[in-house]
Amino acid sequence: MKSKATKNIRSIFAHLVLIVLSFLCLFFFYILIVNATRSHADLQKGFSALPGNYFLENLKSVINDGSFPMFRGILNSVIVSSCTALICTYFSSLTAYGLYAYDFKLKKVAFTFIMAILVMPTQVTAMGFLRLVTNMGMYDSLLPLIIPSIASPAVFYFMYSYLESSLPLALVEAARIDGSGEFRTFNQIVLPIMKPAMAVQAIFTFVGSWNNYFVPALIIQSKDKMTVPILVATLRGADYMNFDMGKIYMMITVAIVPIIIAYLLLSKFIIAGITLGGVKE
């Protein structure tokens, strides 16, 4: 009886903690949506938990504002973030598989080199990267925001760790004995095993690329090629006469919709991976 009562107390405590954490996560989304329904004058008055009546007005103001192309910016961010997530997860998984499944002399050196790049800040190489992009004729283009995602040390390390815990090398050897080519083995045998890890990293990569401001601010100059963070910064940097907090909150509200959609599309793979990991053979 005592053990059962202890379990009940732990269960109640765990549920309370989860409720509090869920509230803290969702509360800020609620406030964002509420602020998107309020006017600039109402926002200056202070905090309010009740929605206003300016949702459509703020949305029309953002859409009809000729100073920046909102939908074009969202489309640019969707293109960049989707391509980045796809390229990053696939090639990082391929690199991790190469270092995990093959034995060669410089294997440890290659792994150490990739980990050394992981601790190098982006700002350190920013000027050299900008000069390289300019010399290659890709300045003011979306390509420099996508192509470098092929090399992602953080995603590589996550995939490598996942392979160590989930992929037996005997499975790879069996595929080779059956005459399967290396790319066929990777694409048809290894990738299905890595789906949960790839879904997690795809979400993180998509969100990271979506919120990236530093690199696009260096590369992009044309308004029709700007991404969402630059457009939001443009709104925030408007002069006093044109500054409107309602428009800013509305822009951010519209901008998070693709992120939510990406999570909903990939969450089933994460849940499937957790369920699979909980089954013992």
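Being a predicted model, the structure only gives us computed values, none of them experimental.

Asker: Go over the overall build of the chain with me, naming the residues and quoting the values.
Answerer: Within the chain one finds 15 helices and zero strands. Scaling as 2.2 N^0.38, a compact globule of 281 residues should have a C-alpha radius of gyration of about 19 Å, whereas the chain reaches 24 Å, well beyond that. Based on the C-alpha atoms only, the size of the chain along its principal axes is roughly 75 × 70 × 30 Å. Buried positions account for 36% of the 281 residues belonging to the chain. Partitioning the intrachain contacts of the chain with sequence separation of at least 6 by distance along the chain shows that 73% fall at a separation of at least 24.

Asker: Report on the layout of surface pockets, specifying residues and quantitative values.
Answerer: Roughly 1,200 Å³ of volume is contained in the largest pocket. Surrounding the largest pocket, 43 residues form its lining, Thr122, Pro148, Ser149, Ala151 and Ser152 being those nearest its centre. Top contributing element to the lining of the largest pocket by residue count: helix α4 (residues 70–101), with seven residues. By residue class, the composition of the lining of the largest pocket is 29 nonpolar, 14 polar and no charged. The space that makes up the second largest pocket amounts to roughly 380 Å³. Lining the second largest pocket are 18 residues; nearest its centre among them are Ala85, Leu86, Thr89, Ala202 and Leu266.

Asker: Go over the packing of aromatic side chains, please, and point to the residues and values.
Answerer: The tally for this structure, following the rule as stated, stands at twelve aromatic pairs. Site record: aromatic cluster; members linked through ring pairs are Tyr90, Phe91, Tyr97, Tyr102 and Phe186. Its guanidinium or amino end placed over the ring of Tyr102, Arg176 lies 5.0 Å from that ring's centre, counting from NZ or CZ.

Asker: Report on the side chain of Lys107, specifying residues and quantitative values.
Answerer: If you trace the backbone, Lys107 turns up in helix α5 (residues 107–118). Residue Lys107 is classed as buried on the basis of its relative accessible area, which comes to 17%. From its side chain, Lys107 meets the backbone oxygen of Tyr102 in a polar contact 3.3 Å long. If near-sequence neighbours (up to four positions away) are discounted, Lys107 is found in contact with Leu99, Tyr100, Tyr102 and Tyr160.

Asker: Provide a residue-level description of helix α8 (residues 153–166), including the pertinent values.
Answerer: Across its 14 residues, α8 extends 20 Å between first and last C-alpha, which sits within 8% of the 20 Å expected from 1.5 Å per residue. Every buried residue of α8 is accounted for by Pro153, Val155, Phe156, Met159, Tyr160, Tyr162 and Leu163. Elements in contact with the buried residues of α8: α4, α5, α10 (182–193) and α11 (195–210).

Asker: Give me the lowdown on the nonpolar core, citing residues and values where you can.
Answerer: Grouped together as the largest cluster of nonpolar side chains are 31 residues, with contacts concentrated most on Trp210, Ile220, Val228 and Met251. Elements with a minimum of two residues in this core: α4, α6 (126–135), α7 (143–146), α11, α12 (214–219), α13 (228–236), α14 (245–255) and α15 (257–277). The next biggest cluster of nonpolar side chains, apart from the first, holds 22 residues, and it includes Leu99, Phe156, Tyr160 and Met194.

About the cut-offs
Residues numbered from 1 in each chain as written. Predicted model: local features only at pLDDT ≥ 70, side-chain atom pairs only at ≥ 80, totals over all residues. Heavy atoms only, no water. Helix = DSSP H or I, 4+ residues; strand = E, 2+ residues; numbered from the N terminus. Rg over C-alpha atoms; globule rule 2.2 N^0.38 Å. Buried < 20%, exposed > 50% of the residue type's maximum accessible area, 1.4 Å probe, protein only. Contact = heavy atoms within 4.5 Å. 1 Å grid on protein atoms, 1.4 Å probe; cavity = no way out; pocket = protein on both sides within 12 Å on 5 of 7 lines; lining within 4 Å. Points joined across faces, edges and corners; volume = space filled by probe spheres on them. Nonpolar A, V, L, I, M, F, W, Y, C, P; charged D, E, K, R; others polar. Phe/Tyr/Trp six-rings, centres within 6.5 Å; stacked < 30°, edge-to-face > 60°. Lys NZ or Arg CZ within 6 Å of the ring centre and 35° of its normal. Polar contact = N/O pair within 3.5 Å; in protein donor to acceptor, adjacent residues only side chain to side chain. Expected span 1.5 Å × (residues − 1). Core = buried A, V, L, I, M, F, W, Y, C linked by side-chain atoms within 4.5 Å.

From the geometry alone we can't say anything about function, so treat these as descriptive.
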